[in-house]
Amino acid sequence: MLTSKNCQGEKIEYLHQLILRLVGLIYAFAFSSWYYQIPALYSQNGLMPISKIEWYDLTKMPTLLQIGKNDSTLTLITIFGTLVGLLAFASSKFIKWYTFLILWVLYLSLYTVGQDFSQFQWDIMLLECGFICIIFSLTPVVGRELLRWLAFRLYFSSGLVKLLSQCETWWNLTALHHHFASQCIPHFLSWWAHQIPGELKKLMVAANFYVLIFGAIYFYFPTRFMRIFGFILQFIMQIGIILTGNYNFFNLLSIVLTLVVLDDHFIYKYFPSQIKEFINMPKTIEEFDLKKNNRIYKYSEIVICLYMTGVLIFNFFPYETIMQGKKLPFTVQDIGKYFLTEDNFTYFLLYVLTFFFFYITYFNLQKNSAKSTMAAILQTLIKIVVFIFMFSMSNMTFQQGIGIRQINSPIIPQQYLQQVQQYTYSFHLFNSYGLFRKMTGVNGRPELIFEGSEDGNKWLEYHFHYKPGKINEISPFVVPHQPRLDWQLWFASLQEHPSDLYLIHLVYKMLDGQNINAFVSNNPFQKKPPKFIRINKYLYYFTNVTEMIQTGNFWKRIWKSVYLPPISLQDSQLQSIKQQYGFESAVNKQKEQNTQLPLWTLIMSVIIYAFY
């Protein structure tokens, strides 16, 4: 029978354990990040109180908060989720299917009520990955292929949608001229990355397309070395993104997904000894030690991969495009012709299915006695049904995400898949991906600056904990934490006028003299609230090295527009919104106290328990 020790012709007993334990850690990162933000965002006095959500039945709002509709339940979910995730990471004895079922239910409960602060691709990616990990813990061959398919969809879509969007910055390879400054929360290394010469940044964009599109295709190459090469490409790119951006757990989860193309032999040969000890891998494995490595063959593979990389990059992104700014030698129509035609896409989908069918039938049926053959066949059929269903559903959302109107579904008819999609949508089991379709901040990074005044003449600025504000300060490196309010204010800055309820509520809190220390790093009206609040939109730009040396500033900025005109607490529209949505007033409120449990003590207790 097929076990985690013998999956797709490659032993993955320890890889299987490593992936599941790392997913548990990422769950813990995600839950603990939410934990510290619940009072400010979801308590009775938060920006979007849980108690005031419009509730629906469980099929439309699948969440444990249906039992207790308050922020205390939400806090308990994040604590329990953090503890279970850490247990899964700390000890292999907690790597069970029900562990990941618990984590998935808890995070789905959190995501469902998160409202504006949970609408991110990495949240739904964690849900989809987490659900597949339930399957992975039960049947490694099915789980591994579903994770491989998820990794392929993530990377391939992310590369393709950038070109299909026809955004000029992607097509002329200047996206990184803007990205480091315009991303949500740039930090110190983002500023340094921005100083890289323009030609090199263009080459980096070209390499990015190669890694995302062709590197993802390498995951399905029949040769093991090419699959590993695909992993190396993605790993290098993800590390680069982590070092130059603040994308919480997203890139860490992306790396974990990419691990599925490896095997125990690769871990044994190339991973640090600390990791091998962590997953209890023996120091010597005779089977791996006896494998002969033909150096000539190995080096020839490396040369072929490097040659292929150079040829593909400079064929699609030639020297003239990078150095002289000429147009790319292909068009959007060419992309559709080579990647999105019905025949080509169908052939690829059938190849993916064949990739799965070959291994599962071969390793499930080989060397079985007559007595166990029927049982093996039955188990194989069940696994095939599970894989085909999950593959077909995710294939439909994948094609929808990259803009294919006529869905290619080789096995299950599209109309049946759409019916299932309607029933499963709330559970986010099958999603489409594709970040940065169009580059923002091309003409400068839009930034909202909140200002308060006593008399309407002298204005003082509020500055937040993470997003840019003061031009002589840069945001901290906070991975894997995601400050969700600061992220949402970045999205709000892309609009011309305020339309989000949480933003209006924040303005109301400032005017009402409520405690806003959870949101801002400085409150110039700590003793007495301002009579007026306004929001100006500025365009921020990174300084260059010379400007930094002369002024000490990371940023320079110019005023762009009034985002929210001066508004007072007595404003009729603000009072109307307050009454409609039930904003809490400082007069009717008791002094706020932080009643959260010290999470770090709980974390230490779990780690001590798991190891000792």
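Residues numbered from 1 in each chain as written. Predicted model: local features only at pLDDT ≥ 70, side-chain atom pairs only at ≥ 80, totals over all residues. Heavy atoms only, no water.

### Notes on the overall build of the protein chain
When helices and strands are counted, the protein chain shows 26 helices and six strands. A compact globule built from 612 residues would reach a C-alpha radius of gyration of about 25 Å, and the protein chain, at 26 Å, matches this within 12%. Taken along its principal axes, the extent of the C-alpha atoms in the protein chain is 85 × 60 × 50 Å. For the protein chain, the proportion of contacts with a sequence separation of at least 24, taken over those separated by at least 6, is 75%. Element-wise, carbon and sulfur atoms account for 61% of the exposed surface of the protein chain, whose accessible area totals about 28,000 Å². Distance from the positive charge centre (49 side chains) to the negative charge centre (36 side chains) of the protein chain: 4 Å. (Helix = DSSP H or I, 4+ residues; strand = E, 2+ residues; numbered from the N terminus. Rg over C-alpha atoms; globule rule 2.2 N^0.38 Å. Contact = heavy atoms within 4.5 Å. Areas by Shrake-Rupley, 256 points an atom, 1.4 Å probe, with all protein chains shown as cover. Lys, Arg positive; Asp, Glu negative; His and termini not counted. Charge placed at Lys NZ, Arg CZ, Asp CG, Glu CD.)

### Overview of the packing of helix 1 (residues 13-35) against helix 12 (residues 250-258)
With their axes 10 Å apart at the nearest point, helix 1 and helix 12 run at an angle of 170° to one another. Overall, the two elements helix 1 and helix 12 adopt an arrangement that is roughly antiparallel. In this structure, helix 1 meets helix 12 at a crossing whose hand is left-handed. In this structure, helix 1 contributes Ile19, Leu22, Val23, Ile26 and Phe29 to the contact, and helix 12 contributes Leu252, Leu253 and Val256. Here the contact of helix 1 with helix 12 is built from residues that sort into eight nonpolar, no polar and no charged. (Axes fitted to C-alpha atoms, helices over the stretch in contact; angles between N-to-C directions. Parallel < 35°, antiparallel > 145°, perpendicular 65-115°, else oblique. Left-handed = near helix turned anticlockwise from the far one by under 90°. Nonpolar A, V, L, I, M, F, W, Y, C, P; charged D, E, K, R; others polar.)

### Re the nonpolar core
Counting 174 residues, the largest nonpolar core has Tyr107, Phe450, Leu485 and Leu503 as the members making the most contacts within it. Here the element with the most residues in this core is helix 6 (residues 140-164); it accounts for 14 residues. Beyond its immediate stretch of four places on either side in the chain, Leu503 contacts Leu448, Phe450, Leu489, Ala492, Pro498, Ile535 and Tyr563. Ranked by size, the runner-up nonpolar core spans eight residues in total, among them Trp191, Tyr538, Tyr540 and Phe542. (Core = buried A, V, L, I, M, F, W, Y, C linked by side-chain atoms within 4.5 Å. Buried < 20%, exposed > 50% of the residue type's maximum accessible area, 1.4 Å probe, protein only.)

### As for the pairing of strand 5 (residues 532-542)
Most of strand 5 sits inside the fold, with eight of its eleven residues counted as buried. Pairing geometry for strand 1 (residues 445-453) and strand 5, over nine bridges, is antiparallel. Counted as the bridge partner of Leu448 is Lys537 from strand 5. The pairing of strand 5 with strand 6 (residues 555-567) spans nine bridges and is antiparallel. Looking at strand 6, one finds that Ile533 is bridged to Ile567. (Pairing = 2+ DSSP bridges.)

### Concerning a nonpolar patch on the surface
A surface patch of nonpolar side chains, about 900 Å² in accessible area, is lined by Phe188, Leu189, Trp192, Ile232, Phe235, Ile236, Ile239, Leu243, Val545 and Ile549. Listed by contribution, the elements that provide at least two residues to the nonpolar patch are helix 9 (188-194), helix 11 (224-244) and helix 24 (545-551). With respect to the helices and strands, the residue Phe235 is situated in helix 11. For Phe235, a relative accessible area of 35% translates into the label partly exposed. (Patch = residues over 30% accessible without salt bridge, like charges linked within 9 Å, V, L, I, M, F, W, Y side chains within 5 Å. Salt bridge = Lys/Arg side-chain N within 4 Å of Asp/Glu carboxyl O.)

### Topic: the pairing of strand 1
For strand 1, the tally of buried residues reaches nine of nine residues, placing the bulk of the element in the interior. The pairing of strand 1 with strand 2 (residues 459-461) spans three bridges and is antiparallel. In the strand pairing of strand 2, Glu451 is matched with Glu461. The turn joining strand 1 and strand 2, which pair antiparallel and follow one another in sequence, is formed by five residues; a positive phi near 85° is taken by Gly456.

### Considerations on the UniProt feature "domain: Lipase maturation factor 1/2 C-terminal" (unreviewed entry) in the protein chain
The sites that UniProt annotates as "domain: Lipase maturation factor 1/2 C-terminal" (unreviewed entry) are residues 429-565. When the span residues 429-565 is considered, its composition is 20% helix and 28% strand, and the gap between its end C-alpha atoms is 43 Å. (UniProt positions renumbered as here; feature names shortened; annotations may be inferred.)

### So, the sheet that holds strand 1
The sheet built from four strands is open, its strands ordered 2-1-5-6 with antiparallel pairing. Looking at the sheet topology across the chains shown, the edges are occupied by strand 2 and strand 6. On average, adjacent strands in this sheet sit at an angle of 35° to one another, irrespective of strand direction.

### Here we look at the environment of Thr59
Counting through the fold element by element, Thr59 comes out in the loop between helix 2 (38-42) and helix 3 (71-90). Taking the relative accessible area as the measure of exposure, Thr59 reaches 53% and is therefore exposed. Those residues in contact with Thr59 that lie beyond four places of it in its chain are Ser426 and Phe427. Among the polar contacts listed, one links the side chain of Thr59 to the side chain of Asp57, at a separation of 2.2 Å. (Polar contact = N/O pair within 3.5 Å; in protein donor to acceptor, adjacent residues only side chain to side chain.)

### So, the pattern of salt bridges
It is possible for side chains bearing opposite charge to pair when their charged atoms get close. Applying the stated criterion across every chain yields a total of ten salt bridges. A salt bridge links Arg445 to Glu447; its shortest N-O distance comes to 2.6 Å. With a shortest N-O distance of 3.8 Å, Lys470 and Glu473 are connected by a salt bridge. On the accessibility criterion, Lys470 (35% relative accessible area) is partly exposed. A network of salt bridges, in which partner residues are shared, links Arg445, Glu447 and Lys467.

### A look at the packing of aromatic side chains
For any pair of aromatic rings, the description rests on two quantities: the centre-to-centre distance and the angle between the ring planes. Enumeration according to the criterion identifies 58 aromatic pairs in this entry. Measuring from centroid to centroid gives 4.3 Å for Phe542 and Trp555, while their planes differ by 25°, and the two rings are stacked. You can see Phe542 sitting in strand 5 and its partner Trp555 sitting in strand 6, a full 13 residues away along the chain. In this structure Trp555 comes out as buried when scored by relative accessible area, which is 1%. Among the aromatic residues, those joined into a cluster by ring pairs are Trp149, Phe152, Phe156, Tyr220, Phe348, Tyr351, Phe355, Phe356, Phe357, Phe387, Phe391 and Phe398. The cationic tip of Lys162 hangs over the ring face of Trp170; the distance from NZ or CZ to the ring centre is 5.3 Å. Above the ring of Tyr538, the side-chain terminus of Arg557 is found at 4.1 Å from the ring centroid. (Phe/Tyr/Trp six-rings, centres within 6.5 Å; stacked < 30°, edge-to-face > 60°. Lys NZ or Arg CZ within 6 Å of the ring centre and 35° of its normal.)

### Quick look at the packing of helix 11 against helix 16 (residues 295-316)
Running from N to C, helix 11 and helix 16 cross one another at 55°; their axes reach a closest spacing of 11 Å. On the basis of their axis angle, the class for helix 11 and helix 16 is oblique. With respect to the hand of their crossing, helix 11 and helix 16 are arranged in right-handed fashion. The residues of helix 16 that touch helix 11, namely those facing Phe225, Met226 and Phe229, are Glu301, Ile302, Cys305, Met308 and Thr309.

### Thoughts on unusual backbone geometry
Omega for the peptide link from Val479 to Pro480 comes to 10°, which places this bond in the cis form. With respect to the helices and strands, the residue Pro480 is situated in the loop between strand 3 (463-464) and helix 22 (484-492). A positive phi angle, close to 55°, is found at Gln115, a residue other than glycine. Its identity as a non-glycine residue notwithstanding, Asn280 has a phi of 60°, on the positive side. Within the secondary structure, Asn280 sits in the loop between helix 14 (273-278) and helix 15 (286-289).

### Brief notes about the state of the cysteines
Here the structure, examined in full by the defined rule, presents zero disulfides. For Cys129, which is in no disulfide, the shortest distance to another cysteine sulfur is to Cys133 and amounts to 4.2 Å. You can call Cys129 buried: its relative accessible area is 1%. (Disulfide = S-S within 2.5 Å.)

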